[in-house]
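Close look at the chain arrangement
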Amino acid sequence: MEERYMNMSRRPQGRREASSQRGGYRGAPVRQRDNDWEDWNDEPPRRGKSGGAWVVTALMGFYKVLVALSIVIVAVYVGSKVLIRAPGQEDLTPPPQNGSLPGQTSGSGVTATDPVAPRLEQRKGVYNIFLAATDKGGSLSDTMMVMSYDTVNQTVGVVSIPRDTLVARESGNPRLVYGKGGLEGRIADVSDMLGVPIHYYIKVNLNGFIALVDYLEGVDFYIPCNMNYDDPYQDLYIHYKEGQAHLNGKQAMEVCRFRKNNDGSGYSDIGRTQTQQKLLVAMAKKVLSWNNITRINGFVEIFNDNVDTNLSINDMLYFAKEGLSLDPSAGVETATLPGRGDGVYHGYSYCYELDPEETLDIVNRLINPYTQTLTLDDLNLAKAQSYK
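The model shown is predicted, which means the values in this text are computed figures rather than measured ones.

Per-chain confidence: the protein averages 76 in pLDDT, with 68% of residues scoring 70 or above. Of all secondary-structure elements in the protein, the lowest mean pLDDT belongs to helix α1 (residues 2-6), at 40, while helix α11 (residues 356-367) reaches the highest, 98. pLDDT under 50 marks residues 73-82. Its contacts with residues more than four places away, or in other chains, come to 3 contacts. Ignoring residues within four places in sequence, the model shows residues 96-117, a span with pLDDT below 50, making 34 contacts including any to other chains.

Take a look at the structure:
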């Protein structure tokens, strides 16, 4: 188990050096064997009549079991209270303040890189995690979400960002899913656009998603509409009827990827992200059920093989421990950033322009980790040049 943990894939790029308050996992201290333990397997001394020797032996065996269980309980308690520390809240990409890009001047005349620029104070125990799922080729983040976990109040906000969201780039495709820098670039885009810090990221490929659902022995889900779509190029053949269904991994992946039928009916990218959110919540409920929490070995193996993250072992153990107190039915809220998808920007059509006021409301309600309420000046939302 320990070896499997230590081989887990983590990418250090873009991560700040941990502050002095950050408690990294360094492994459990080695307990020195006490000399009194040396004789546990020795034959207990016989006293009195030999007929009572088996009673003494049984009592000693029972005593040893109690002591061993006590040691395990104490070790787990100490480990959860002492060794597993709360992760740090260092920004992967600190967002510019007052809506300014680095080096630009805000309305107050203070540049975003100026050391005297006002900084927002983060609430303790609130973490923003960028969730990304890659397409079949593994190069594009087909699904992008920001999850904010408030470990103090045990609430989770999940905000989906449409892949065609307009980003104000000087050159190249202005849609969010494209652009230089890979995953780190998309994290920087989202952090700058929404004015919130991103503390950690988790990127999962399609194989990992399928493996997780199969390991959970499927998931019960209400399919929102009739689905009839064929795409030989992507090896996608999606055929489902609206209604409640029990989906295996491959079926859940197909439902998540569905957007429209062969005849053009169905729903847009917004409908797809809403379906993904609902399926994510259904999976979370099943993962957090007691029967599945006890199967942690399998989760670790799937995670190790299919997930790229900058979470440390300590971070994962901390969130797993805190997640035991989370009620997905009452403590999880999801939303998709609203807007219009007919924007034109530098010759690129059908870009998704975010609605400023509604986006600000969702950001403040679900993923704002600061003690202060954000304003539109804190966000950096691009506006289309024209509309189709």
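Anyway, onward from the coordinates.
Right, let's get into the pattern of salt bridges. Considering all chains together, one arrives at 9 salt bridges under this definition. Across the salt bridge formed by Arg186 and Asp189, the nearest N and O atoms sit 3.0 Å from each other. Remark: Asp189 and Arg186 occur in helix α3 (residues 182-194); sequence separation between them is 3 residues, near one turn of the helix. Both residues of the pair, Arg186 and Asp189, belong to the buried class. One connected set of salt bridges, linked through shared partners, spans Arg169, Arg186 and Asp189.

It is worth spelling out the nonpolar core at this point. If you look at the biggest cluster of nonpolar residues, it comprises 30 residues, and the most contacted ones within it are Phe130, Ile161, Val190, Leu194 and Ile367. Elements that contribute at least two residues to this core include exactly β1 (126-134), β2 (141-150), α3, β12 (348-354) and α11. What Ile367 contacts, discounting residues up to four positions off in sequence, is Asn128, Val146, Ser148, Gly157, Val159, Leu194, Val196 and Ile362. Judged by nonpolar contacts, the second largest core, of 23 residues, contains Leu206, Met227, Phe258 and Ala282.

Spatially, β12-β11-β13 is the arrangement adopted by the 3 strands of the open sheet, whose pairing is antiparallel. Of all the strands in the sheet, the pair left with one neighbour each is β12 and β13 (386-387). The sheet contact formed by strand β11 (residues 339-345) and β13 spans 2 bridges and is antiparallel. Counted as the bridge partner of Gly343 is Tyr387 from β13.

Each packed pair of helices is defined by two parameters, the angle between the axes and the distance between the axes. Two elements in contact, helix α4 (residues 206-215) and helix α5 (residues 249-257), have axes separated by 7 Å at closest approach and are oriented at 130°. Relative to α5, α4 is oriented oblique. Crossing angle aside, the handedness with which α4 passes α5 is right-handed. Residues Leu206, Phe209, Ile210, Val213 and Asp214 of α4 pack against Gly249, Lys250, Ala252, Met253, Cys256 and Arg257 of α5.

Another aspect to go through is the packing of α5 against helix α6 (residues 269-287). Where α5 meets α6, the axes come as close as 8 Å, and the angle between the chain directions of the two elements is 145°. Contacts between α5 and α6 involve Ala252, Val255, Cys256 and Arg257 from the first element and Arg272, Thr275, Gln276 and Leu279 from the second. Across the contact of α5 with α6, the residue classes tally to 4 nonpolar, 2 polar and 2 charged.

As a further point, take α3. In this model, α3 (13 residues) spans 19 Å end to end at C-alpha, consistent with the 18 Å of a helix rising 1.5 Å per residue. Taken across its 13 residues, α3 has 10 buried, putting it largely inside the fold. Taken as a whole, α3 has its buried residues at Leu183, Gly185, Arg186, Ile187, Asp189, Val190, Ser191, Asp192, Met193 and Leu194. Two residues or fewer after α3 comes Gly195, characterised by a positive phi angle close to 70°.

This part takes up the environment of Val190. Along the chain, Val190 falls in helix α3. For the pair formed by Val190 and Val167, sequence separation is 23 residues and the distance between their alpha carbons is 9.0 Å. Not counting residues up to four positions away in its chain, the partners in contact with Val190 are Phe130, Val146, Ile161, Leu176 and Gly195.

Attention shifts here to α4. Every buried residue of α4 is listed here: Leu206, Gly208, Phe209, Ile210 and Val213. Taking the backbone nitrogen of Asn207 as reference, a side-chain oxygen 3.1 Å away marks Asn205 as the first, capping residue of α4. Positive phi appears at Glu217, one or two residues downstream of α4, with a value of about 60°.

Rules used in this analysis
The residue numbering used here restarts from 1 in each chain and proceeds along that chain's sequence as written. Totals for whole chains, interfaces and linings use every residue, but because this is a predicted model, local features are given only for residues with pLDDT of at least 70 and side-chain atom pairs only at 80 or more, for both listing and counting. For the side-chain quantities, the full set of heavy atoms in the structure was used; hydrogens and water were omitted. The pLDDT value expresses, per residue, how confident the predictor is, ranging between 0 and 100. Helical segments are the DSSP runs of H or I of at least four residues, strand segments are the runs of E of at least two, and each set is numbered from the N terminus. Two residues form a contact once any of their heavy atoms are found within 4.5 Å. Put simply, a salt bridge is a Lys or Arg side-chain nitrogen that is within 4 Å of an Asp or Glu carboxyl oxygen. Only protein chains enter the accessibility calculation, which uses a 1.4 Å probe; a residue whose area is less than 20% of its type maximum is buried, one above 50% is exposed, and one in between is partly exposed. For this analysis, a nonpolar core means a set of buried residues of the types Ala, Val, Leu, Ile, Met, Phe, Trp, Tyr and Cys, connected via side-chain atoms within 4.5 Å. At least two bridges found by DSSP between two strands is the condition for calling them paired. All axes are obtained by fitting lines to C-alpha atoms, using only the stretch in contact for helices, and the reported angles, taken between N-to-C directions, cover 0 to 180 degrees. Here roughly perpendicular refers to angles of 65 to 115 degrees, roughly parallel to angles under 35, roughly antiparallel to angles over 145, and oblique to all remaining angles. Here is the rule for handedness: rotate from the far helix to the near one, and if that takes an anticlockwise turn smaller than a right angle the crossing is left-handed, while a clockwise turn gives right-handed. Residues were grouped as follows: Ala, Val, Leu, Ile, Met, Phe, Trp, Tyr, Cys and Pro as nonpolar; Asp, Glu, Lys and Arg as charged; and all remaining residues, including Gly, as polar. Every helix has an expected span of 1.5 Å times one less than the residues it contains. In the analysis that follows, any N or O atom pair within 3.5 Å is treated as a polar contact, provided that within protein one partner can donate a hydrogen and the other can accept it, and provided that, for residues neighboring in sequence, both atoms belong to side chains.

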